[in-house]
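Coordinate inspection notes
Chain residues, written in single-letter form:
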Amino acid sequence: MSPSYETIKRLNLDLEEILDERVKNISSLANYEECYIVLYTTPAALVKHEIKQEIADKKKMRMNMKAPLKYSQDPFAGNGLLQNTHSAYVEKIYEMLASNAGIACEKLSVYEAAREIRRSIDDEYTANDWLPSLPGDPIAPSVRKDLHKAEEWDIVWPKLNWQVAPRDAEIIDNKLVRIGEKIYCPGYIDLMPKEIFPFSALFNSIGKKYPWRISFFVESDGISAVTSRAVFASILGFVSGSNKLLNQGVKDLREMRDSYNVTVARLRVSFCTWGHKDKVEKVLANGTELANSISSWGSSLVSEVTGDPLAGVISSALGATRSSVATLSAVPLDAIPFMAPFSRPSSPWRNGSVLFLSPDYKLMPYQPGSSLQTTWIQLIFAKPGSGKSVL
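The following refers to the structure shown.

About the thresholds
Residues numbered from 1 in each chain as written. Predicted model: local features only at pLDDT ≥ 70, side-chain atom pairs only at ≥ 80, totals over all residues. Heavy atoms only, no water. Helix = DSSP H or I, 4+ residues; strand = E, 2+ residues; numbered from the N terminus. Buried < 20%, exposed > 50% of the residue type's maximum accessible area, 1.4 Å probe, protein only. Contact = heavy atoms within 4.5 Å. Areas by Shrake-Rupley, 256 points an atom, 1.4 Å probe, with all protein chains shown as cover. Pairing = 2+ DSSP bridges. Core = buried A, V, L, I, M, F, W, Y, C linked by side-chain atoms within 4.5 Å. Phe/Tyr/Trp six-rings, centres within 6.5 Å; stacked < 30°, edge-to-face > 60°. Disulfide = S-S within 2.5 Å. Expected span 1.5 Å × (residues − 1). Salt bridge = Lys/Arg side-chain N within 4 Å of Asp/Glu carboxyl O.

From N to C terminus, the chain includes 13 helices and 11 strands. Per-residue burial over the chain gives 32% buried out of 391 residues. A separation of at least 24 residues holds for 65% of the contacts in the chain among residues at least 6 apart in sequence. As displayed, the chain has an accessible area near 24,400 Å², and 56% of this comes from carbon and sulfur atoms.

Burial within strand E5 (residues 182-191) is extensive, with 8 of its 10 residues counted as buried. By the bridge criterion, 3 bridges tie strand E4 (residues 177-179) to E5 in an arrangement that is antiparallel. Across the sheet, the residue bridging to Arg178 is Ile183, located in E5. Adjacent in sequence and paired antiparallel, E4 and E5 are bridged by 2 residues, among which Gly180 carries a positive phi angle near 65 degrees. Note: E5 against strand E7 (residues 264-276), 7 bridges, orientation antiparallel. Across the sheet, residue Lys182 finds its bridge partner in E7, namely His276. Taken together, the 3 bridges between E5 and strand E8 (residues 301-303) define a ladder with antiparallel strand orientation. Bridging across to E8, Ile189 finds its partner in Val302.

What follows is about the nonpolar core. The biggest cluster of nonpolar side chains holds 22 residues, and the ones touching the most others in it are Leu202, Trp212, Ile214, Phe271, Leu290 and Ile294. Contributing elements (two or more residues each) for this core: helix H8 (199-206), strand E6 (212-219), E7, helix H11 (280-295) and helix H13 (336-339). Contact partners of Ile214, with chain neighbours within four places excluded, come to Phe199, Leu202, Val269, Ser270, Phe271 and Ile294.

Turning our attention to the packing of aromatic side chains. Any pair of aromatic rings gets described here by the distance separating the centres and the angle formed by the planes. Considering all chains together, one arrives at 6 aromatic pairs under this definition. Taking 6.0 Å as the distance between ring centres and 55 degrees as the angle between the ring planes, the aromatic pair formed by Tyr40 and Phe217 counts as tilted. With Tyr40 in the loop between helix H2 (16-29) and helix H3 (48-64) and Phe217 in strand E6, this residue pair connects regions lying 177 residues apart in the sequence. The exposure class assigned to Tyr40 is partly exposed, which follows from its relative accessible area of 33%. Phe217 sits in the buried class, given a relative accessible area of 10%. Grouped by ring-pair contacts, the aromatic residues Phe199, Phe203 and Trp212 constitute a single cluster.

Turning to the state of the cysteines, a few remarks are in order. Tallied over the entire structure, the rule returns 0 disulfides. Between Cys35, a cysteine without a disulfide, and Cys105, which holds the nearest cysteine sulfur, the sulfur-to-sulfur distance is 9.9 Å. Cysteine Cys185 shares no disulfide, and the gap to the nearest cysteine sulfur, in Cys272, comes to 7.1 Å.

If you check helix H5 (residues 110-122), its first and last C-alpha atoms are 18 Å apart, about what 13 residues at 1.5 Å a residue would give, namely 18 Å. Those residues of H5 that sit buried are Ala114, Arg115, Glu116, Ile117, Arg118, Ser120, Ile121 and Asp122. Buried residues along H5 sit in contact with helix H7 (160-164), E4, E5, E6 and helix H12 (309-316).

Right, let's talk about the pattern of salt bridges for a bit. Pairing between side chains of opposite charge can happen when their charged atoms approach one another. Across all of its chains, the model carries 16 salt bridges by this definition. In this structure, Lys58 engages Glu54 in a salt bridge whose closest nitrogen and oxygen atoms are separated by 2.9 Å. With Lys58 and Glu54 both in helix H3 and 4 residues apart, the pair spans about one turn of that helix. On the basis of relative accessible area, Glu54 is assigned to the buried category, the value being 11%. Residues Glu170 and Arg178 are paired through a salt bridge, measuring 3.0 Å at the closest nitrogen-oxygen approach. Look at Glu170 and you get partly exposed, because its relative accessible area is 39%. When its relative accessible area of 26% is taken as the criterion, Arg178 is described as partly exposed. Within the structure, one salt-bridge network assembled from shared partners comprises Glu33, Arg344, Asp360 and Lys362.

Here Asn31 shows up in the loop between H2 and H3. Other than its neighbours up to four places away in sequence, Asn31 contacts Lys208, Asp360, Tyr361, Lys362 and Leu363.

Written out as structure tokens, the structure is:
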């Protein structure tokens, strides 16, 4: 609404009360939501001799470099041989989403991505214009004797994990973690749903009762992930009927892959809810309700106890780790997009002087007269007293 406030101020109009009332009403109803896709390209995409050569080159560079790296970012950490492969991969996925599937999306810069990662870990401590300090950025040398107990000049960039996780986390119990003023309650899917339902079914069942997030971590080669379990299940099939079912399930996945060319992926799903540190009981109740909603989403088995609750929180954060605590499952790849939030409504405008709400209360900005439209037809209808005349 800031453009509207700036306009009435520039025109010297006394209409702030109308805008204030609109902000008050919308903020009491609107939901805030975001959807991110994090793409990884690992050294496994390279051939063995390229990996060995890259390791040898990096080792030589570090030996010739005199700057202290123990408490700083390593400017040689990146793998130059993966740059072209990863860029082509990102472009292909972006083209498939934007052009082929018609999904509204945009690529983030390195700085924007680092800011969103930090916001998913500690949003209260992250300003909207915060930028990380990365190799190539200008830096000012400093001395931190209290930290290093030595006369060490910091002439390189501070570690990225220090920047995206600026405050310490406190494990309260086996379910709760405190970061700043918030308490987090994580969980994960232990057994995938018996029946695949769209993400909208889960979203509608939870509603806007409390804040929550969910992470789908997808990797390739799902069959190999469960091969060892299938071997033991085959040997110990007489012990339990579940072993026979597991062994049969792996056989079915192999048949789908070999006979019908179905790609089988590895999938791990983790989730989390949070609240103020003074409302521990409320956060626990919300965590239980969220777990129940997800468990009824196709009859899945959910666990609220992760063993390491901090790892559980980080597993559901944006791109913070590839070591998810969630149980690894083998799932046909074509079932995963059906479970993901790709069907959520969106507005082509990031900002607008007019704010609307979708039927499920997602904020939808609209900018009249924008260059995004060549022509437009406006039809506004509502019952009397709804504020049509002040739009």
